[in-house]
Structures are given as structure tokens and as C-alpha cells.
2 protein chains.
Amino acid sequence: MTKRIVVLGGGFGGMYAARALRRRLGAGYEIELVNAENYFVFQPLLPEVGAGSITPAHAVSPLRFLLKGVYVRKAVVESVDFERRIVTLFQGIQRRPTEVAFDHLVVALGQSVDLSRMPGLEEHALKMKTLEDARRLRGHVIEQLEHAQVSRVPETKRGALTFCVVGGGFSGVETVGEMKELIDRSLPFYPGIKPEEVRVIVLEFADRILGEMSPKLGDYARAQLEAHGIEIMTGTGIASATGTQLVTNKGEIIDTRTIVATIGNAPSAVVRRMNLPVERGRIKVDRTLRVEGTDNIWALGDCASIPLTDAPQGPRDYAPPTAQFAVREAKRLAENVAAAIDGAPLEPFAYRSRGALASLGARRGVAQVMGLELTGFPAWLLWRSYYLMFLPGLATRIQVLLNWMLDGLSPRSVVQLRTETPPGVRHIYFRAGDKVYEAGHRSDGFYMVISGAVEMTKEDAATGKVSKRIIGPGGHFGERLILGATRRETTVHAIEDTKLLELDREAFLKLAEGFPAFREYFEPYMAKYNVKFPPERNV
Amino acid sequence: MTKRIVVLGGGFGGMYAARALRRRLGAGYEIELVNAENYFVFQPLLPEVGAGSITPAHAVSPLRFLLKGVYVRKAVVESVDFERRIVTLFQGIQRRPTEVAFDHLVVALGQSVDLSRMPGLEEHALKMKTLEDARRLRGHVIEQLEHAQVSRVPETKRGALTFCVVGGGFSGVETVGEMKELIDRSLPFYPGIKPEEVRVIVLEFADRILGEMSPKLGDYARAQLEAHGIEIMTGTGIASATGTQLVTNKGEIIDTRTIVATIGNAPSAVVRRMNLPVERGRIKVDRTLRVEGTDNIWALGDCASIPLTDAPQGPRDYAPPTAQFAVREAKRLAENVAAAIDGAPLEPFAYRSRGALASLGARRGVAQVMGLELTGFPAWLLWRSYYLMFLPGLATRIQVLLNWMLDGLSPRSVVQLRTETPPGVRHIYFRAGDKVYEAGHRSDGFYMVISGAVEMTKEDAATGKVSKRIIGPGGHFGERLILGATRRETTVHAIEDTKLLELDREAFLKLAEGFPAFREYFEPYMAKYNVKFPPERNV
């Protein structure tokens, strides 16, 4: 009876594992790959997508193209029953759960990002994990330039033109380099912005950037980035964040509306739910990539803790979470699964890094290849060629190459494509003293105080008399929205560090219209202004 | 003192008007253009974006590139004070209103889409007006294929594989042709879908499609589309729509999860608020493109009703809402604004169409050029060359051309890029008999009945005893979400045509956590299940 091997995750580890398994095993073996998206993301290109030097579509490739002979499911894994050898998942937009049986299970679910330890960071920071993150970053950067171009409020302009990247590893360094290039090349189209008004900052907790590389290359990278006007704050962590400010662990406050977090890797929720043995926040496997204490569960890539020696001492004795290693792990894993099926002996994973590459933007890079150390343009060229060869599919390669060439010739587009609209109900953080809104502003939200407190100030248009009101936890403000108010009549400041729940206009009006409890609760307000429910919307 | 001319809208009419004004008028004249997005959309390419034959970025061009010497504001117009000659607008993400003074105002705000006359259509139909619409369509089509590939429920699969385009004009015909090509070229990657299971339908209220063209070309187009397996229902309108069905004006019910509406053009909200003289749902201008009864307000493009003769009889005596005409109108308008400033006589707008072009997908088209009628491949080639020449910016031209060439060579990517997430609070329509959810389904929403009624069925796991409950307007269900329930225990059907308000899990939990009235209202439920607020989230 045919054996079923199910691979969870379609990143470098999972995709290459499924490929290798398909090649290694005959028709008698079904290979399935489960991934939340129907495409493979070429992670190393995300910073370039974030900077618009290549289009999102060219940093990804459909899994169905790459995995001939593998059954691809676009699905989210809910749980795994190791006893019954069943994976329960939700496919695409289906709400009915689907059970998938396996003989061998390969876990390659990567890592997710957890920023919750720093108040406000989860809510206000951009990430660089997914394709959507990269797209969002580009749109956000252009939005800040558009905003700075027209803003007449100095602190607003300063905040809009200050861009912070948290984390000085590969992802952080490549992101900041590309971001700076995007900004520099866009400025000519924003005459209202002087180049010296722009601040781009990397914050790294360690005492140097690119810790993965030699000190020499790290120093070169630092010098290069600084030469291009990027500030580098080492030994600096994040304490908290709001929509307009970032507070460092040293208490320094930076006015910024752009915080890109490349830190906070953590096991994904589904991996946590699996209750597999964990080490260093990753699934503990032996040197054969099999999960300890099991005979048919395997793990590789960023979600696995893979020892490179029998008695690992420190981090350096474990496989680093890079594409380079994931691809080699995939090959070894396929061999071992096949061996396990045949009852043959398994072999340990062994691979020594062939080197490391990082792009610094502006046609500069650093490279460590087989002992050699390269910098500047050659390193950058090597970086691009290396990844170009790495790209799956000829068409994609051609398109990325053409994109790169055209990008060199023509100005960088400052088109601001809209990305996901913020949810209608969300948390927002303010620090003591921050303005929530001001009289005369557009009425676009209704607020509830979850923690902290705000002060509402109202000036009587006729008498000029100013009245104040403190609103604490459980209190709310901005409900004049119901009346179709389009402008604020009051000014609201946070008087403590405050966490608010915001309902946007549409969500609020829909609830006011549709939800009896909501309706009854606001009836007094309605009465006070003697208006009928539901309010006439003036959109 | 310098004269200020403000152009509202950055489409074909507005963008070309600003350009022509800049060329025509000297340094003593400030030209400003206000547009909600910072880019110009090349509308005719939207169907190709929707089908993925070109990437979104290549169907648009930054207004700041195209309009050297023109001050571009990314802003939403709130109101116009014709007395004070002031436009009030909200710039980018600013909540503080900005006032912009003008001596002459050019209104080129195009048309918006109003589907509200057909219940459910606004909520459940996709549009083809903006770049986002096109992106969303592509993602949606691929999602249906993914869904059909894995669905085991026949009616679900049928609905997922039935694609309806409402409206058989240029936009509808080009959209359906491109959409069919996308589907045909994607099917090889979905072995679970048989080609004969796919239905693609155009619904047109008139008795023929492409009414803008000669009957001969209309018939040819129809034959071509039908030859490619597209069903064409003429004389057919829409009565109502839900997430899974479409009801025609003849009462026919079509199971479909894809309704693309290319109908329902209506004046935009801001144009309505301007209270300018209106005719045929558009701003009434005289033959010089000036708004009747004013000396400094002008309008052109889709938002204007432009007579081509002094005594217009029927629709044919007005300028059609096409890019071709808008561009000519822009030139005439610039001349007339300049003349008005100099006190010189104005001249009437006069232009005769040079022809019409439509792509039918699969390298087929129809063309009417200077009396000549072309069909098939030549017409398609003409269509592409024409628009290629029309594209602003050499880089864009090269990229679109390369895209087209590569698209011919390589398989169409089935990557499903995520588009905007649905709002956390939204309306959903169900027809009598529709299932809202079923026991065992994923718990992903909380529902309130706005109109109609649903029946909730619960089967006691132990006794197998079935209990039923009717829930009408003001009632709600699905609140077990609060308890972190991940699966439904009941099945809910609509027993009348029903309008529900849905809160997704996250919105509901945030409200339950943050909003006292909400909290108090649900306290009884909490007590019943004796859990504490806020619930522990299991994400």
C-alpha cells in the first residue's frame, strides 16, 4: 500500500524537501506539501521588493510549478495527531476541516515573529517576513514622503522622515540599505523635502552589525552604510513604540512613523501546539533530522534545532537558519526518510557554509566566499548573480534580471500601491503627552480607553471658555461620529501611556446600525442630540 | 499676482488637462493637480492586470513623473467653496483639513460605481474601476481554482468554477476575455478540475454586447467569445446577489462565487456634494467645457456631460466617456482656460472618434479604425500597439512590452498574492435556504441579524436529539467565539432572504475585551459558561 509523506511548509526547507523526496522515491509514494500560500517566497529578495527594485510577483514562484508530481495543498495547519498519524487543516477559504493521513511527516514551518515583549511594537512595527510585509513597507515609505511633502507641522514632518530598522542582521542591513536607496532615488520628486531632513537608522542590540560575518566585513558594512548617510546605533534595544515614536532601552525617544522590526523570531503557533521536544525555541531533532523519540517525524529549516556535532557546545554547533543550509538539509532529509522506509541506516546531516553574502544597497555588498572576503561592487554583483542562479524557473530569472536592468536605467517608481486597509477594530498605543486628535481634525474613529487615561479639551466657540474632562479605562470618546460628524470639536491628549481600542467610522456605524446592545447603550447620546437611529451616513 | 489653476482628478481627463495647461501657460501661472492616489492609472490595461498578463506596477505611472512643473497633491477632496474659491481637502494620511485657493477649477473626478440598487451586489460583487480592483480580481480567480481543486462538495465546486461578468461593454468584454484566458492557462496546474466544469458568463442587459461598436463587430466579438467557451446572456440583468449566488431579472439563479460588476456608473460623492448643474448624471458643461453659469469652473472626462452639437438630440450627440475623448477634451480645455484668462473668445470642443478597439483575450480583438473594421489577431495586435504607444514613459512601455513577450513564452503564474483582508465588521447577504455555517466548521465569525431570519439546529451529541431555534432581526449567534471556541456546534440556515452583520473573531474579541457595554451585554453568556473576561485567546 502506498506510503504517504506529508511536508508542512513551502519555504526553502519544505519546498526542497518535497522536491528531493519526489526525486528519491518512486511512484509507490505519495508526496504532499501543505502551505498557507500557494507560492514559494524567495526570502532573500524581500528587501528588494520592499524597495521596489523588483515587483512582488517576481520574488515568488507558484509551488505547483516547482513541485511536479507533488500534491500541493493551500491550507493552514490546525493540529497534528501523532497517534492517529493525521494532520487536521483548513484548506483555502474552506471552513470545513480536512484530515490528511501520513506515514512520515516533515515539519518545515519556519519561524514567526513575536514582538509582544515590547509594548506597542507588535501593533506599530512593520515586519519583513512575508511578501505582504515587503509590499507594505514600500507603500509605507512612499506614504511618508507624500506626507512630509505636504505637512506643515515640524514634528510631524520629522517623524515622517525618520525611518528606523530594528535589528542589524542580514535582514535588517539589507532592508535598510534598500530602503535608503528607495528614499534617495525618490526625493527628486518631492521638492518639499530636503535630503538632510531624512534620517535612516539601524538599531542593533549587539555591539556590532552583521554578527553572522567576520568583524572585518561587519566594520566594512558599517562604514558603507554610514557613508550613505545611514545612522547605526549598536548596543541599542527597543523599550516601546507608538504610531509616532520609538523608545530605546536607554530611554532615548525617536520621533518616527516607520519602525521595521527584523527581530523577534519565535516558533509559530502551530509548532507550539504540536508539543514536540523543543530546544533553543526550535524543534529538537537528532543529527539525522528526525525528531527525538519518534520514528516518522522529521523537521528542518528555521523551525528545527539541528546539531552539527554529537556534542554541540554553543550556537555555532547548530545549523544556522539560512536558505543555504535549509536546501542541504532537505537533500539529507529525503535520503534519510527513504532509508528509514527501507530500514537502512540513517546518516547525520553535515555541511559547512560556503560563505555569506549581504547587499548594502546602492550597488555595494559584502561577501565571504570559501575563505575569500569581497566588498563593494564585486560583492554586490556576486550577491545578485548568486541569487539569480538560485531563483526557481527560467521565466522568473529573466524577469528579475530585466527588472534589475530597467531599474538601473529608469528612475525608481514612487507609485504608492494601496496595501491592506487597517482593520476596522484595532489597538493603538499613545505615550503620555501624545495627541490623539485635535479640534477641526477629520472625524475618523471612535475610541475606548483600555488602559491609561486621556484628557479631552473643549473650547466653547462663543465664549472661548475651555472645559476639560479626564477619560480613564472603560471610558470612551468620539461617538459624535454616530451623528455623521465629519470634524472633531474637541482636542484629546494622552496624559499617561495609554492603550486605546479604535473603531473606524464604518465599523462603528455598522455596529450602531446592526447591534441592539450597542444601540441601546448609545440611545442616551442619541436622545441628547435628538437624532434617530440609524444615522444618515454622509460618505 | 500669479493665477492658480487647480485640477481635481488624475485620470486621463485631469492628467492631460494639467499637462496641457502647464505647456500652454507661463511661469506666472501655478498649476496644481489633486488626486486620491499618487499615480495615474492606465485604465485600458486593468483587465490585463486582472488576468496577470502584466503586473499592477506596470499599468500605472507616478503622477509626479508625468507632471513636471505641476504641484501634485495626494489628497481626497472634501468640498469646494465656489464663493471663496477654495477647495478643502485631506492630504494623504493627514487628519487636519487643508484649504487650497483657485482662480480656475477643473473638475475631472471621473465616475464612481453604485451597485446599491441590487441587494447584495455592492457587498458581494468585484469591481473593475481601480488598480486594486484588478489585483483583487486576479487573486480571487486563483482562489476559486484553489478552492475547487480541494472541495469535495459538488455545489461548492460548481459555485467556485462559475465566473460571472455583469455588463457587456468594453470593460466587461475585455475583462471576461482576459479572465477566461487566465483560467484556461492555469487549469493544467489544477488536476482536480476538468475544463468542462468551468463556466464563464457575461450578462448584458441590452440585446447585444459591445453596443459602442457596429453590430457586425459586436456579432464577431460574440462569436469569438462563444468559440472560446464563454456564455453570453443578453437581455439579462441582475436582481440580487449573495456570496454564493446571483439572481437574474428573469429569476434564474446561478451558483457563483465570482461576480464582476462593470456596470453602475454614477457621479462620485464629492461631485454630488458640489451641487453643480447636472445632466444625465454628469456635470453640465457648455461646448467650451465650462460649467454653465460660471466663468471659472470647468469639467471634462467621465464626470462631465459634454455636448458635441448646439442642440444635442440623443446620447450620440454627447462626448462618450473614453480615454480617447478625454485626452482631446483636455487640450481644448487648456486652450479655453488660457483664452478666458486673456479675455479671448472660447472655442467649442469638437472631435470625431478615430475608432474603437477591444481585446477579446486569447490574441483576438475587434477594431473599428477610420472606417476600417478589423478582427482577430490583427485587431488584437493593433490594440496592443496602440496602447503601448499611449503608455506614459519609455521605461513603462519597455516593461509592459517585455511582460507581454514573457507572458507569451512562459506559463501564466498562478501565484495568489493576498489582497486586502475583508473588514472585521461587514454586511453579508444570504438567500432563503443558504447555509451560514454548519456543525464542525471553523468558528470564524459572530453574527447579528439585521433583516430576515435564520434557523439554528443543534444535535445533542449524546442523545442525538435535535433542537431548533429561530433567530430574527436584532438576534445574534456564534458568540461561543468568546470562549475561544474554534469549531461550530450548531448548524445555521437562512430561512428568509437575510442580511447579517458579521464580526470576525479578532474584532469580536477586541470589543469583548475593550468595550464595557459589549462586556456587560455578554456577561450572562459568560456566567452561563462560567468563564472570566477577557477570555484566553488561542490563536
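Reading guide: rules and limits
Residues numbered from 1 in each chain as written. Chains lettered and ligands numbered in written order. Predicted model: local features only at pLDDT ≥ 70, side-chain atom pairs only at ≥ 80, totals over all residues. Heavy atoms only, no water. Helix = DSSP H or I, 4+ residues; strand = E, 2+ residues; numbered from the N terminus. Rg over C-alpha atoms; globule rule 2.2 N^0.38 Å. Lys, Arg positive; Asp, Glu negative; His and termini not counted. Charge placed at Lys NZ, Arg CZ, Asp CG, Glu CD. Salt bridge = Lys/Arg side-chain N within 4 Å of Asp/Glu carboxyl O. Buried < 20%, exposed > 50% of the residue type's maximum accessible area, 1.4 Å probe, protein only. Contact = heavy atoms within 4.5 Å. Buried area = accessible area lost by both parts, 1.4 Å probe. Pairing = 2+ DSSP bridges. Axes fitted to C-alpha atoms, helices over the stretch in contact; angles between N-to-C directions. Polar contact = N/O pair within 3.5 Å; in protein donor to acceptor, adjacent residues only side chain to side chain. Least-squares fit on C-alpha atoms with pLDDT ≥ 70 in both. Expected span 1.5 Å × (residues − 1). Parallel < 35°, antiparallel > 145°, perpendicular 65-115°, else oblique. Left-handed = near helix turned anticlockwise from the far one by under 90°. Nonpolar A, V, L, I, M, F, W, Y, C, P; charged D, E, K, R; others polar. Phe/Tyr/Trp six-rings, centres within 6.5 Å; stacked < 30°, edge-to-face > 60°. Lys NZ or Arg CZ within 6 Å of the ring centre and 35° of its normal. pLDDT = per-residue confidence, 0-100. Right-handed = clockwise from strand over helix to strand, strands pointing away.

## Focus on the overall build of chain A
And then number 1: When helices and strands are counted, chain A shows 14 helices and 33 strands.
And then number 2: Against the 2.2 N^0.38 benchmark of 24 Å for 539 residues, chain A shows a C-alpha radius of gyration of 26 Å, consistent with a compact globule.
And then number 3: If you line up chain A on its principal axes, its C-alpha atoms span 90 × 55 × 45 Å.
And then number 4: When the 69 basic and 62 acidic side-chain charges of chain A are each reduced to a single mean position, those positions are 4 Å apart.

## Re the pattern of salt bridges
Residues and elements named next belong to chain A.
And then number 1: As enumerated under the stated definition, the model contains 64 salt bridges over all chains in all.
And then number 2: Where Glu-373 meets Lys-216, a salt bridge forms, and the shortest distance between an N and an O atom there is 3.1 Å. Of this pair, Glu-373 sits in strand β25 (residues 372-375) while Lys-216 is found in helix α8 (residues 215-227), placing the two residues 157 residues apart along the sequence.
And then number 3: Given a relative accessible area of 28%, Glu-373 falls into the partly exposed group.
And then number 4: With a relative accessible area of 58%, Lys-216 lands in the exposed category.

## Comments concerning the interface of chain B and chain A
And then number 1: Counting from both sides, the interface comprises 96 residues of chain B and, opposite them, 96 residues of chain A.
And then number 2: A combined buried area of about 8100 Å² lies between chain B and chain A, and 59% of that area is made up of carbon and sulfur atoms.
And then number 3: Where chain B packs against chain A, one counts 8 salt bridges.
And then number 4: B:Arg96 serves as the salt-bridge partner of A:Glu438, at 3.2 Å between the closest nitrogen and oxygen.

## Side note on the sheet that holds strand β32 (residues 490-494) of chain B
Residues and elements named next belong to chain B.
And then number 1: Pairing within the open sheet is antiparallel, and its 4 strands lie in the order β27-β32-β29-β30. The open sheet terminates on both sides in strands that have one partner only, identified here as β27 (435-437) and β30 (466-471). Adjacent strand axes in the sheet meet at a mean angle of 25 degrees when their direction is disregarded.
And then number 2: Taken together, the 6 bridges between strand β29 (residues 454-459) and β30 define a ladder with antiparallel strand orientation. In the sheet register, Met-456 faces β30, and the bridge partner there is Arg-469.

## Considering the environment of B:Met213
Residue and element names in this part refer to chain B.
And then number 1: One can find Met-213 in the loop between β12 (199-204) and α8 (215-227).
And then number 2: The spatial distance from the C-alpha of Met-213 to the C-alpha of Arg-316 is 12 Å, given a sequence separation of 103 residues.
And then number 3: Every residue in contact with Met-213, bar those within four places of it in the chain, is listed here: Phe-170, Arg-208, Ala-356, Leu-357, Ala-358, Val-366, Ala-367 and Gln-368.

## Focus on the side chain of B:Arg488
All names here are of chain B.
And then number 1: Counting through the fold element by element, Arg-488 comes out in the loop between β31 (476-477) and β32.
And then number 2: Take Arg-488: its relative accessible area is 5%, and that puts it in the buried class.
And then number 3: Polar side-chain contacts of Arg-488 include one of 2.7 Å to the backbone oxygen of Gly-445.
And then number 4: When neighbours within four sequence positions are excluded, Arg-488 is seen to be in contact with Tyr-437, Glu-438, Ala-439, Gly-440, His-441, Arg-442, Ser-443, Asp-444, Gly-445, Tyr-447 and Gly-478.

## Overview of the environment of A:Leu500
And then number 1: Along the chain, A:Leu500 turns up in strand β33 (residues 498-504).
And then number 2: When residues no more than four places from it in sequence are discounted, the contact partners of A:Leu500 are A:Arg426, A:His427, A:Ile428, A:Phe430, A:Val436, A:Tyr447, A:Met448, A:Val449, A:Ile450, A:Val454 and A:Phe477.

## What about the relation of the copies chain B and chain A?
And then number 1: When chain B is fitted onto chain A, the two copies agree to an RMSD of 0.0 Å after a turn of 180 degrees and an axial shift of 0.0 Å. Taken together, the rotation angle and the small translation identify this as a two-fold axis.
And then number 2: Of the residues that chain B buries at the interface, 100% are likewise interface residues in chain A, meaning the two copies contact each other through the same surface.

## Overview of helix α1 (residues 12-24) of chain B
And then number 1: In this model, α1(B) (13 residues) spans 18 Å end to end at C-alpha, consistent with the 18 Å of a helix rising 1.5 Å per residue.
And then number 2: Listed as buried for α1(B) are B:Phe12, B:Gly13, B:Gly14, B:Met15, B:Tyr16, B:Ala17, B:Ala18, B:Ala20 and B:Leu21.

## Observations concerning the packing of helix α5 (residues 131-150) of chain A against helix α7 (residues 170-186) of chain A
Residues and elements named next belong to chain A.
And then number 1: At a closest axis distance of 11 Å, the pairing of α5 and α7 adopts a crossing angle of 40 degrees. Of the possible angle classes, the one that applies to α5 and α7 is oblique. The element α5 and its partner α7 pack so that their crossing is right-handed. Across the interface between the two elements, Leu-137, Arg-138, Val-141, Ile-142 and Leu-145 of α5 pack against Thr-175, Met-179, Leu-182, Ile-183 and Ser-186 of α7.
And then number 2: Residue composition of the contact of α5 with α7, by class: 7 nonpolar, 2 polar and 1 charged.

## A few points about the packing of aromatic side chains
And then number 1: Overall, the coordinates contain 32 aromatic pairs over all chains when judged by the stated rule.
And then number 2: With 5.0 Å between their ring centres and 75 degrees between their planes, A:Trp383 and A:Tyr387 make a pair best called edge-to-face. Taken as a pair, A:Trp383 and A:Tyr387 lie in helix α11 (residues 376-390) at a separation of 4 residues, close to a single helical turn. We note that A:Trp383, like A:Tyr387, is buried.
And then number 3: Ring centres of B:Phe325 and B:Phe349 lie 6.3 Å apart, and the angle between their planes is 65 degrees; this geometry places the pair in the edge-to-face category. Here B:Phe325 is found in helix α10 (residues 323-342), whereas its partner B:Phe349 is found in the loop between α10 and β23 (355-361), with 24 residues between them in sequence.
And then number 4: The class of B:Phe325 is buried, set by a relative accessible area of 4%.
And then number 5: By the ring-pair criterion, three or more aromatic residues cluster together here, those being A:Phe12, A:Tyr16, A:Phe40, A:Phe42, A:Trp383, A:Tyr386 and A:Tyr387.
And then number 6: The ring of A:Tyr318 has A:Arg280 sitting right over it, with the charged end atom 4.1 Å from the ring centre.

## Overview of unusual backbone geometry
And then number 1: The backbone of A:Leu289 sits at a positive phi, close to 75 degrees, despite the residue not being glycine.
And then number 2: Looking at where A:Leu289 falls in the secondary structure, it is placed in the loop between β20 (282-284) and β21 (297-299).
And then number 3: Under the relative-accessibility criterion, A:Leu289 is labelled buried at 0%.
And then number 4: Positive phi is not limited to glycine here, since B:Arg280 has a value of about 55 degrees.
And then number 5: By the secondary structure assignment, B:Arg280 is in the loop between β19 (278-279) and β20 (282-284).

## Remarks on the sheet that holds strand β7 (residues 98-101) of chain B
The strands making up a sheet are joined through hydrogen bonds of the backbone, oriented either antiparallel or parallel.
Residues and elements named next belong to chain B.
And then number 1: Spatial ordering of the open sheet is given by β7-β6-β5-β2-β1-β8-β21, a layout of 7 strands whose pairing is mixed. Of all the strands in the sheet, just β7 and β21 (297-299) have a single pairing partner and so form its edges. Across this sheet, the average inter-strand angle for adjacent strands is 40 degrees, counted without regard to direction.
And then number 2: Pairing geometry for strand β5 (residues 71-81) and strand β6 (residues 86-91), over 6 bridges, is antiparallel. Bridge pairing in β6 links Val-80 to Val-87.
And then number 3: Where α1 meets the sheet, its contacts fall on β1 (3-8), β2 (29-35) and β8 (104-107), and the angle it forms with β2 comes to roughly 170 degrees.

## Quick notes on the confidence of the model for chain A
All names here are of chain A.
And then number 1: Mean pLDDT over chain A: 89, with 95% of residues reaching 70 or higher.
And then number 2: This stretch, residues 533-539, has a pLDDT under 50; its non-local contacts, to residues over four places away or in other chains, come to 18 contacts.
And then number 3: Listed scores for the predicted complex are pTM 0.86 and ipTM 0.82.

## Looking at the packing of α1(B) against α10(B)
Residue and element names in this part refer to chain B.
And then number 1: Look at α1 against α10: their axes get within 8 Å of each other, and the N-to-C directions meet at 35 degrees. Remark: the crossing between α1 and α10 carries right-handed chirality. Along its contact with α1, which presents Phe-12, Gly-13, Tyr-16, Ala-17, Ala-20, Leu-21 and Arg-24, the element α10 presents Ala-323, Ala-326, Val-327, Ala-330, Lys-331, Leu-333, Ala-334, Glu-335, Val-337 and Ala-338.

## Examining α7(A)
And then number 1: When the terminal C-alpha atoms of α7(A) are compared, their 24 Å separation across 17 residues agrees well with the 24 Å that a helix rising 1.5 Å per residue should span.
And then number 2: With 13 of its 17 residues buried, α7(A) lies for the most part within the structure.

## Quick notes on the pairing of strand β1 (residues 3-8) of chain A
All names here are of chain A.
And then number 1: Of all 6 residues that make up β1, 5 are buried, and the element is covered over most of its length.
And then number 2: Strand direction decides the pairing type here: β1 and strand β2 (residues 29-35), joined by 6 bridges, are parallel. Across the sheet, the residue bridging to Leu-8 is Val-34, located in β2.
And then number 3: Note on the crossover from β1 through helix α1 (residues 12-24) to β2: the handedness is right-handed.
And then number 4: Here β1 pairs with strand β8 (residues 104-107) via 4 bridges, running parallel. Opposite Val-6, over in β8, you have Leu-105 as the bridge partner.

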